[in-house]
Amino acid sequence: AKYDALTQSLFLDMFGDIKSNSKKWNLKPFEYFVKFDTRMTSDFVKYANHPHIGIANIEKETGKLVNYKLISEENLSSGKYIFDESHIIYSKIRPNLNKVALPNFSGLCSADSYPLKVIKENSNRIFFAYVLRSDSFVDFILTHSTRTNIPKANKEQMKKYTSIAPPLDLQNQFAERIQLIETQKQQAQEALVKSEALFQGLLQQAFKGELT
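Keep in mind that what you see is a predicted model, and the values were worked out from it rather than measured.

(A) Structural view of the packing of helix α3 (residues 125–133) against helix α4 (residues 135–144). Running from N to C, α3 and α4 cross one another at 50°; their axes reach a closest spacing of 4 Å. Taken as axis vectors, α3 and α4 run oblique relative to one another. Contacts between α3 and α4 pair Val-131, Leu-132 and Arg-133 from the former with Asp-135, Phe-137 and Val-138 from the latter. Class assignment of the residues belonging to the contact of α3 with α4 gives a composition of four nonpolar, no polar and two charged.

Structure, rendered in structure tokens:
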């Protein structure tokens, strides 16, 4: 939790508040940063050994990819979008859940999401994922959603959003720091798992009277 809070603080420190544009960055339209890359396929034989990412496989807020399966393990029927390591996967259903993923592999994703291809000359993938997760973007989409029962983002709504556009080198610095934090976070999680396993082992020994 503290690592997650640190990333938010880092973004605020480097770029200020997005909503008020407290650091007075230039503003650019959505498609300055990313383009919609909605190439669809139903060739589930060709992609049999690739992961399938449904919106249920994207953890809210963090964007962590969980419990996904290979195409060959699922009974898919409708077309899916193609993605790879250069995309952001954005869940367009119930945008308040903030499901924004940064895959480090290629595969197919649900048509309930959008693969967004980052325009590298203008933006960093990690930076813009944080923009998409921001209150500014979420509030914008919810305000402009035409569906009240199950809010849904669509391309035309998203294209109307304007974002801060800090220099690319500053975006890259932010991304490098985030990757360091994520590495430390992963190490901390692994250490917690090992500690828990050690604790359970000691507990079993204690109940059996084997501790000396």
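(B) Representation of α3. Within α3, nine of the nine residues are buried, leaving the element largely enclosed by the surrounding structure. Listed as buried for α3 are Arg-125, Ile-126, Phe-127, Phe-128, Ala-129, Tyr-130, Val-131, Leu-132 and Arg-133. One side-chain oxygen at the N-terminal end of α3 lies 2.8 Å from the backbone nitrogen of Ile-126; it belongs to Asn-124.

(C) Representation of the sheet that holds strand β3 (residues 40–41) within the structure. Strand order in the open sheet formed by five strands is β3-β6-β9-β4-β5, with mixed pairing between adjacent strands. On the outer flanks of this sheet lie β3 and β5 (69–70), each paired with one strand and no other. As defined by bridge partners, strand β4 (residues 51–53) adjoins strand β9 (residues 107–109) across two bridges and the pair is classed as parallel. What sits directly across from His-52, in β9, is Leu-108.

Calculation notes
- Residues numbered from 1 in each chain as written.
- Predicted model: local features only at pLDDT ≥ 70, side-chain atom pairs only at ≥ 80, totals over all residues.
- Heavy atoms only, no water.
- Axes fitted to C-alpha atoms, helices over the stretch in contact; angles between N-to-C directions.
- Helix = DSSP H or I, 4+ residues; strand = E, 2+ residues; numbered from the N terminus.
- Parallel < 35°, antiparallel > 145°, perpendicular 65-115°, else oblique.
- Contact = heavy atoms within 4.5 Å.
- Nonpolar A, V, L, I, M, F, W, Y, C, P; charged D, E, K, R; others polar.
- Buried < 20%, exposed > 50% of the residue type's maximum accessible area, 1.4 Å probe, protein only.
- Polar contact = N/O pair within 3.5 Å; in protein donor to acceptor, adjacent residues only side chain to side chain.
- Pairing = 2+ DSSP bridges.

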